[in-house]
Amino acid sequence: APRLAPGSKLVVTSSVSGIIGTPVASSYSASKFALHGYFNALRTELVSSGVDVVLVCPGPVVSDLPSAVVGKQSLDDPRTKMPTARCAELIAVAIKANLPQVWISKQPELTFTYIAQYLPALAVKLTNGPLGQRRVRAYRLGVDLFDYTSATLDSRPPISEGNVQG
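Reading guide: rules and limits
- Residues numbered from 1 in each chain as written.
- Predicted model: local features only at pLDDT ≥ 70, side-chain atom pairs only at ≥ 80, totals over all residues.
- Heavy atoms only, no water.
- Helix = DSSP H or I, 4+ residues; strand = E, 2+ residues; numbered from the N terminus.
- Buried < 20%, exposed > 50% of the residue type's maximum accessible area, 1.4 Å probe, protein only.
- Pairing = 2+ DSSP bridges.
- Axes fitted to C-alpha atoms, helices over the stretch in contact; angles between N-to-C directions.
- Contact = heavy atoms within 4.5 Å.
- Salt bridge = Lys/Arg side-chain N within 4 Å of Asp/Glu carboxyl O.

Trainee: Kindly report on unusual backbone geometry, identifying the contributing residues and their values.
Mentor: Gln107 connects to Pro108 through a cis peptide bond whose omega is 5 degrees. Its location among the elements puts Pro108 in the loop between β3 (101-104) and α4 (109-118). Unlike most non-glycine residues, Val24 shows phi in positive territory, near 65 degrees. Position of Val24 among the secondary structure elements: in the loop between β1 (9-13) and α1 (26-46). For Val24, a relative accessible area of 34% translates into the label partly exposed.

Now the structure itself:
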């Protein structure tokens, strides 16, 4: 196994979905939670070797990933997602500052990440309420999951067991 020299940084790209469970992305969230557990433990194991671990947790970022993976045109809207170049710039700042973990996101996702971290009961209430239901509805309708202004989402009745939309 390769050894890292003292002063090295192990930079791990995770996601804010590793801090908060994300509706319609439960498997993705689980994999990111696993990264956090593993690399937070490894950070402590590597202290004596002088190697630092930096966990980078971006929120929604403009990406061509959907079109590359499933052949769908990307629904990314730069008004609701962080530009890729800005995310990369903030990651570089975090690495230089030797932050153990950094959350990089636009609003309102960043605020919600703080709520989930420090007020978990409130986060559950919000996720199980209108915010989470809007995300589930957006997924089912095939619209941008981060478009909080879409009239399409507001025109549908709330999702209930007998009223599944999409």
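Trainee: Let's hear about the sheet that holds β3: which residues, and what values?
Mentor: Strand order in the open sheet formed by three strands is β1-β2-β3, with parallel pairing between adjacent strands. Of all strands in the sheet, those bounded by a partner on one side alone are β1 and β3. Along the sheet, successive strands turn relative to each other by an average axial angle of 20 degrees, direction set aside. Alignment of β1 against strand β2 (residues 52-58), held across five bridges, turns out to be parallel. The partner of Val12 across the bridge, within β2, is Leu55. Each of β1, β2 and β3 is contacted by helix α3 (residues 84-96), which is oriented at about 160 degrees to β3, the strand it contacts most.

Trainee: Lay out the pattern of salt bridges in plain terms, naming residues and giving numbers.
Mentor: A full pass over the atoms with the stated rule returns two salt bridges. For Lys9, the salt bridge identified is with Asp52, shortest N-O distance 4.0 Å. One end of the pair, Lys9, is in strand β1; the other, Asp52, is in strand β2, with 43 residues separating them in the sequence. Owing to a relative accessible area of 34%, Lys9 belongs among the partly exposed residues under this scheme.

Spatial relationships are all this shows, so hold off on functional conclusions.
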